[in-house]
Amino acid sequence: SDVIGALSLEHGARGVRSLFTSKPSDKEVARVRTLGALAVRSLGSVLSAAGAFNARARLLRSSLIASLGLPDEDQKTLNAEEPIAATALDAPAAVDAKLARAIVRGAFFAGMGDGMDPREETCVAEIARKLGVTAEDLNAARTEAKAMIDSSKDFGDACVDAIRYVLAAD
């Protein structure tokens, strides 16, 4: 969500430009194309690190792509790409530290969604290295992602219990 908040074109124009138009500038679209593609490819790397790139992983990646608000042609291109290994990712020099940490935290969150495989852990560490994320920030991102997973698990368990209660009479 932090990556989407920082990159999505759905926000429209920003700053003084927003007084005259809601369309983002060409410079902003180019920035989102570059950094958004990096986030999408990073997610694909993590989701495919432990084996096949399944339907759930494709849906998750497609959701990220749609949230970026890129033009249809860019969305189609990114959706058609096959996942690549983290070692093959090209990280542009223009990635600021806050966005890099958000990409790494999101990668951990995606990897932990179905249990963290050591190959996914290695993949996230490689992405962090390429983005210049420090070991301290890498560990903090891991901890934050784990806390998010644990808190959502409690909510999910409560939902399951509520459904069981409602369906008990049936």
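Right, let's walk through the structure included here. For clarity, every value in this text was computed on a predicted model and none was experimentally measured. (Residues numbered from 1 in each chain as written. Predicted model: local features only at pLDDT ≥ 70, side-chain atom pairs only at ≥ 80, totals over all residues. Heavy atoms only, no water.)

**Focus: the overall build of the protein chain**
Phase 1: When helices and strands are counted, the protein chain shows 7 helices and 0 strands.
Phase 2: Reading the secondary structure of the protein chain in the N-to-C direction produces α-α-α-α-α-α-α.
Phase 3: Referenced to the eigenvectors of the C-alpha coordinate spread, the extents of the protein chain come out at roughly 60 × 35 × 30 Å.
Phase 4: In the protein chain, the 21 positive side-chain charges and the 24 negative ones have mean positions that sit 4 Å from each other. (Helix = DSSP H or I, 4+ residues; strand = E, 2+ residues; numbered from the N terminus. Lys, Arg positive; Asp, Glu negative; His and termini not counted. Charge placed at Lys NZ, Arg CZ, Asp CG, Glu CD.)

**Some points on a nonpolar patch on the surface**
Phase 1: A cluster of nonpolar residues, Ile163, Tyr165, Val166 and Leu167, forms a patch on the protein surface that exposes about 490 Å² of accessible area.
Phase 2: By secondary structure assignment, the location of Tyr165 is in helix α7 (residues 135-167).
Phase 3: Judged by relative accessible area, Tyr165 falls into the exposed class, the value being 71%. (Patch = residues over 30% accessible without salt bridge, like charges linked within 9 Å, V, L, I, M, F, W, Y side chains within 5 Å. Areas by Shrake-Rupley, 256 points an atom, 1.4 Å probe, with all protein chains shown as cover. Salt bridge = Lys/Arg side-chain N within 4 Å of Asp/Glu carboxyl O. Buried < 20%, exposed > 50% of the residue type's maximum accessible area, 1.4 Å probe, protein only.)

**Re helix α3 (residues 55-67)**
Phase 1: The terminal C-alpha atoms of α3, which comprises 13 residues, lie 18 Å apart, in line with the 18 Å expected from a rise of 1.5 Å per residue.
Phase 2: Restricting attention to buried positions, one finds in α3 the residues Ala57, Arg61, Leu64 and Ile65. Buried residues of α3, seen end-on, are gathered within an arc of 100 degrees and therefore sit on one face of the element. Within α3, the exposed residues directed more than 90 degrees away from the buried face are Ala55 and Leu59.
Phase 3: Packed against the buried residues of α3 are α1 (2-7), α2 (26-48) and α4 (72-80).
Phase 4: Two or three places before Arg56, at the start of α3, stands the capping residue Asn54, its side-chain oxygen 3.2 Å from that residue's backbone nitrogen.
Phase 5: One or two steps after α3, the chain reaches Gly69, where phi turns positive at roughly 75 degrees. (Expected span 1.5 Å × (residues − 1). Arc of directions from axis to C-beta. Contact = heavy atoms within 4.5 Å. Polar contact = N/O pair within 3.5 Å; in protein donor to acceptor, adjacent residues only side chain to side chain.)

**Structural notes on the nonpolar core**
Phase 1: Counting residues in hydrophobic clusters, the biggest one holds 42 residues, and the most contacted among them are Ile103, Val104, Phe108, Ile127 and Leu131.
Phase 2: Of all the secondary structure elements, the ones that give two or more residues to this core are α1, α2, α3, α5 (97-112), α6 (118-131) and α7.
Phase 3: Top element by residues in this core is α2. It accounts for 10 residues.
Phase 4: Setting aside chain neighbours within four positions, we find Ile103 in contact with Val3, Leu38, Ala39, Ser42, Ile127 and Leu131. (Core = buried A, V, L, I, M, F, W, Y, C linked by side-chain atoms within 4.5 Å.)

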